[in-house]
Amino acid sequence: MTKFKVIASVLFTALIASCSSNDSNDDSSAEAYFNFTYDGKVQTVKTWEAQKQGDFIEVMGTSQEGIAIDFKFNTYGNLFQALTNPTTNSNIPWMEASENFTSNTFTFTLENINTTDKTVQVKFSGKVYEDGYDHESDFVNISGSFKVSYKEITPQIEGVGTFAKIDGKDWHGLSFVGSIENQTKIIYTENDSEYTIGIAYPNSDAKAGAYNFTSNSSAYRISFQKYDVATHENINYDVNGTVTFTTLNAVLAAGTFSLTATHPTTKAKVVISNGTFKESAGF
């Protein structure tokens, strides 16, 4: 199944304010900057905008040469989307970093967040594609860095996101798409790594509570996938674990989970522990 990423609107509002090269960036920091190279050509970025909602940040810069670049990421350094698009030059295509295992082809380094001064500092480099789901589509290389001030915005829902330890390492994700399959509602969560965690429960008459599950469970379960760079497909692992839904309604799904995931062929195991989730269920 191909899953098309839609970043939750309750967290990210695209910074599409039309900015001309004469606009002020309204950045009070004397050290603020935005460097950007597109397909080997240096862009002159003098306008930018940034906002932070809870653990999630969006930054967009616009160059005088007519290219906008937009980043969506979290305070743990995970990149959810990187987009470039034309603002004045119709010959420039819309491009995006790979939507599958983003960090495999795009390096995004969160260098600093200063919550007192409300500034964020980042370095980036990698490929942006005409089709983020097709590794063979046309691409260009981009690179750069920025340090900008952000505006703090109160989230519509506090504490949204999914956390787990995957083989002992912290993993922070966010729902990017919802699916209804055979009367089962699934919230897929991911970050820029190769892993996808799915939260599944009945589409109707869902009830909060604690549940044991396996891969054969139709609902009240957690699924686990790993992206294979050789086949460019997600591998569905066999799972065995427990999930507790503390909140389950038409708006929100929240709870805790733990499981062991097993590769269907090699039988290699991945241990997922200390899992928590609070995700929008409104789809």
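Residues numbered from 1 in each chain as written. Predicted model: local features only at pLDDT ≥ 70, side-chain atom pairs only at ≥ 80, totals over all residues. Heavy atoms only, no water.

Chemist: How would you summarise the overall build of the protein chain if you had to cite specific residues and measurements?
Modeler: Per the secondary structure count, the protein chain includes 0 helices and 20 strands. Counting all 283 residues of the protein chain, 49% fall into the buried class. For the protein chain, the share of sequence-separated contacts (at least 6 apart) that also reach a separation of at least 24 residues comes to 54%. Summed over all atoms, the accessible surface of the protein chain reaches about 13,300 Å², with 46% contributed by carbon and sulfur. (Helix = DSSP H or I, 4+ residues; strand = E, 2+ residues; numbered from the N terminus. Buried < 20%, exposed > 50% of the residue type's maximum accessible area, 1.4 Å probe, protein only. Contact = heavy atoms within 4.5 Å. Areas by Shrake-Rupley, 256 points an atom, 1.4 Å probe, with all protein chains shown as cover.)

Chemist: Outline the pattern of salt bridges, listing residues and values.
Modeler: Side chains bearing opposite charge may pair, as long as their charged atoms lie close to each other. Counting across every chain of the model gives 6 salt bridges. A salt bridge links Lys147 to Glu31; the nearest nitrogen and oxygen atoms lie 2.8 Å apart. Within this pair, whereas Lys147 is found in strand 9 (residues 139–149), its partner Glu31 is found in the segment before strand 1 (33–38), the two being separated by 116 residues in sequence. The class of Lys147 is buried, set by a relative accessible area of 17%. In this structure Glu31 comes out as exposed when scored by relative accessible area, which is 54%. Residue Lys165 is joined to Asp170 by a salt bridge in which the shortest nitrogen-to-oxygen separation is 2.6 Å. Owing to a relative accessible area of 48%, Asp170 belongs among the partly exposed residues under this scheme. (Salt bridge = Lys/Arg side-chain N within 4 Å of Asp/Glu carboxyl O.)

Note that all results are geometric; they support no functional claim without further evidence.
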